[in-house]
Structure formats: C-alpha cells, structure tokens
Amino acid sequence: LGRMKPVIVVHGGAGRIFKEREEGCRAGVVRAALRGYGVLKQGGSAVDAVEEAVRSMEDDPHFNAGCGSVLNEKGEVEMDAIIMDGKNLDSGAVSAVKCIANPIKLARLVMEKTKHMLLTDHGAHLFAQAMGIPEIPGEKLITERSRERWKKNLEPDSNPEEFQKDLGTVGAVAIDSEGNVACATSTGGLSNKMTGRVGDTACIGSGGYADNHSGATSTTGHGESIMKVVLARLILYHMEQGMSPELAADTALDYMKTRVGGLGGVIVVNKAGEWAARFSTKQMSWATVQDDNLHYGIYAGEKHIKSVDEALASEREGF
C-alpha cells in the first residue's frame, strides 16, 4: 500500500480578530499545526494529531477554548468539544463542562472508554473524576479579557451580538500515513450565552465530521446557523459528489449565508490529502503543514509559507 503523506490543518476561529491579537493568534495556530504535525511525523494517528493540536490551542489564552473561553450570562465558563475518528466513525463529545483545562481530552475519553458519544454538564464532570482528570478552579480558565467582555455585554446599551463576531472556536483535521482522517473541535461558545446553551461544536456533523471514505472537516462561526445546515456533514457530502475541498467548503458556506444568514469558517482535508481553509467572515486564523511546508494566514487571500525547520527554529526563539 502506498503510504499517505500526512497533513494537518488547524483553525483558531472565524470572526473578527482585533489588531492587537493578530500576532498571538497567528503564533498560536502555527504552534498547534507544528505540534500536530510532529505527532504525524513520528507515525502517530490522525486522532492523536488533532487532539494534540487542539490541546495546544485550549492552553493558549488567545483562543475561545479551554483557558481564554468566553463567559456565559452568569459569568462562568462552559465548554464544548468533539473528536471523531474517520476509520470507524467513532466520536466522543462533551458539552457545558466546567473546571477542566482540556475538554478535548475528555471528549477523547468519552469516545474510547464509554459506549456513548456525548456527555454533558454534571455527568461529564462525574466521568472526568472517574477518569482521574484533575479539576481546576473555574477562575483559572478566565482571562482578564473574557471578564472585561462579559461586563461590557451586561451594560444596558450593549450588543453582545457585536462581540460574538470575535468567536475563536478552535479545531484541527488531519490525515495520517495510514490514510486515516480525524477531526477535533473545542470552544467556550458564545459570549454571554444562556446558561446551558450548547452550540454546534459538540454536535456530530455540525462542529465536525470525519469519514475515511471522503475526508474530515472542523467548523467555526455562528453555532446556531452551523447546526441548521449541519455544515461539517454538508461539506463532506459535496466532496462525495466530486467537489474539491475548496469548492465543497465555499459551496456549503455560501449556502449557510444565503439560507440562514450565517457566517463561519471551515478547515477540510479529503481522503487524497488535499486541504482547504475557507471562511465567509472577515477573518479566520489557520495553519497547515504538508510536505514539511507550513502555510498560514488570517485574512482572505493571505498565505505565508515557511519550511517546517525554519518555523520550528523561530518557535524556539519565541516566534
């Protein structure tokens, strides 16, 4: 069997990325892509690679996932995450989880250690305890920026919708040398959302989908809109009809925009290892590594290319 060349693609969320945060977002997606690619280069699975990439972004306060998650109406962090293995369509997800550093790790455990696919809130908490996942105080996940935004959104004349454009869900898709694909997505959700609100991220087919027969995708954007069109599965459907990753992504995003007025972004890899990073929002931070070359960008049409060695060297110097 011809070995596949491994590919990883990551996103740090579609929306509006404020100037002062651009560098941090760029550095964060690049770091995540390099880490995920490191796993693939050592012969690791696509599932291992996407989990590692997403964990890296959950730990980075620049993104709305893990540490740095936005706050709900009560000022708490409630997080959602999903992971999916394209080999057998196994998936694990958690929703509305609090007080853990890496929801993606818990989602992976749901996939591998239970007969279920989605655990929520209190049940997810009990399962995390049973699995020995350390609990951390909720405050540890809250950044100054998230708290500021939450306060602003509470003001009588505020418009939380305005701020929700700066979304920052994180995700990764990969194909490994065996030709297996996987996806992972993680988020803190919408700023000032109702307590118990769960968006697209934890929902299979919306926040992500992976199937070796076609490819893998992870989404970001307005959750309710993404759920209405089941965006991740829609993209794979278009690829099954013969579209390239780029055309499938654009077609699905366009449908979501015209049909329900929703904006978002997606990353895609198909079973041949072709990839795309597309968005209908102003911006989306993304990065990919293929053939030891790193590509990354934030604005439409922006694409920087570096060799992995060069990128790793500047990583060590602190970018």
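Thresholds, definitions, all that
Within each chain, residue numbers correspond to sequence positions counted from 1 in written order. pLDDT decides what is reported in this predicted model: residues at 70 or higher carry local features, side-chain atom pairs at 80 or more are listed and counted, and totals for whole chains, interfaces and linings draw on all residues regardless. Only heavy atoms go into the side-chain values, all of them from the structure, while hydrogens and water stay out. UniProt positions are given in the numbering used here, feature names are shortened, and annotations may be inferred rather than shown by experiment. What is meant by a nonpolar core is a set of buried Ala, Val, Leu, Ile, Met, Phe, Trp, Tyr and Cys residues, joined one to another through side-chain atoms within 4.5 Å. Relative accessibility decides the category of a residue: with a 1.4 Å probe and only protein chains considered, values under 20% of the type maximum give buried, values over 50% give exposed, and everything between is partly exposed. Helical segments are the DSSP runs of H or I of at least four residues, strand segments are the runs of E of at least two, and each set is numbered from the N terminus. It only takes one pair of heavy atoms within 4.5 Å for two residues to be counted as in contact. In this scheme, strands are said to pair when DSSP sees at least two bridges between them. Between N-to-C directions, angles span 0 to 180 degrees; the directions come from axes that are lines fitted to C-alpha atoms, helices contributing only their stretch in contact. Any residue with an atom within 4 Å of a point lines the site, the site being either a cavity, points on a 1 Å grid over the protein atoms alone where a 1.4 Å probe fits but cannot get out, or a pocket, an open set with protein on both sides within 12 Å along at least 5 of 7 lines. Grid points are joined across faces, edges and corners, and a volume is the space filled by probe spheres set on the points. Under the grouping applied here, Gly and all other residues not named as nonpolar or charged are polar, the nonpolar ones being Ala, Val, Leu, Ile, Met, Phe, Trp, Tyr, Cys and Pro and the charged ones Asp, Glu, Lys and Arg.

Under an unreviewed UniProt entry, the name given to the protein is Isoaspartyl peptidase/L-asparaginase, and the organism recorded is Certhia familiaris. The heading Sequence similarities (unreviewed entry) in the UniProt record of the protein holds the text "Belongs to the Ntn-hydrolase family."

A. Region of interest: the nonpolar core. Ranked by size, the top nonpolar core spans 55 residues in total, and within it Ile-8, Val-10, Ile-83, Leu-106, Ala-287, Val-289 and Leu-294 carry the most contacts. With nine residues, the single largest contributor to this core is helix H1 (residues 22–41). Discounting residues that sit within four places of it in the chain, Leu-294 has contacts with Val-30, Ala-33, Ala-287, Thr-288, Val-289, His-304, Ile-305, Lys-306, Val-308 and Ala-311.

B. A look at the sheet that holds strand S8 (residues 215–221). Strand order in the open sheet formed by four strands is S7-S8-S9-S10, with antiparallel pairing between adjacent strands. Two strands close off the open sheet at either side, each with one partner strand: strand S7 (208–211) and strand S10 (275–279). Between one strand axis and the next, the sheet turns through 10° on average, direction left out of account. Taken together, the five bridges between strand S9 (residues 264–270) and S10 define a ladder with antiparallel strand orientation. In the strand pairing of S10, Ile-267 is matched with Ala-277. Those strands touched by helix H8 (residues 231–240) are S7, S8 and S9, and its axis lies near 140° from that of S8.

C. Main features of unusual backbone geometry. Here Cys-99, not a glycine, exhibits a phi torsion of approximately 60°, which is positive. Within the secondary structure layout, Cys-99 lies in the loop between strand S3 (90–97) and helix H3 (103–113). Of note in the backbone geometry, Asp-291 takes a positive phi value of approximately 55° without being a glycine. On the secondary structure map, Asp-291 appears in the loop between strand S11 (283–290) and strand S12 (293–299).

D. Representation of the UniProt feature "binding site: substrate" (unreviewed entry) in the protein. Under the local residue numbering, the UniProt record ascribes the feature "binding site: substrate" (unreviewed entry) to Arg-197, Val-198, Gly-199, Asp-200, Thr-220, Gly-221, His-222 and Gly-223. Considering only the residues just annotated, the second largest cavity is lined by Arg-197, Asp-200, Gly-221 and Gly-223. Here Arg-197 is to be found in the loop between strand S6 (181–187) and S7. Contact partners of Arg-197, with chain neighbours within four places excluded, come to Glu-78, Gly-189, Leu-190, Gly-223 and Glu-224. Positionally, Asp-200 belongs in the loop between S6 and S7. If we ignore the near neighbours within four places in the chain, the residues touching Asp-200 are Ser-206, Gly-207, Thr-219, Gly-223, Ile-226 and Met-227.

E. Molecular detail of the layout of surface pockets. Approximately 280 Å³ is the volume found for the second largest pocket. Around the second largest pocket, the lining comprises 13 residues; the ones closest to its centre are Glu-246, Ala-277, Arg-278, Trp-286 and Gly-301. Elements represented by at least two residues in the lining of the second largest pocket include exactly helix H9 (245–260) and S10. It is S10 that contributes the most residues to the lining of the second largest pocket, five residues altogether. When the residues that make up the lining of the second largest pocket are grouped by side-chain class, the tally is seven nonpolar, one polar and five charged.

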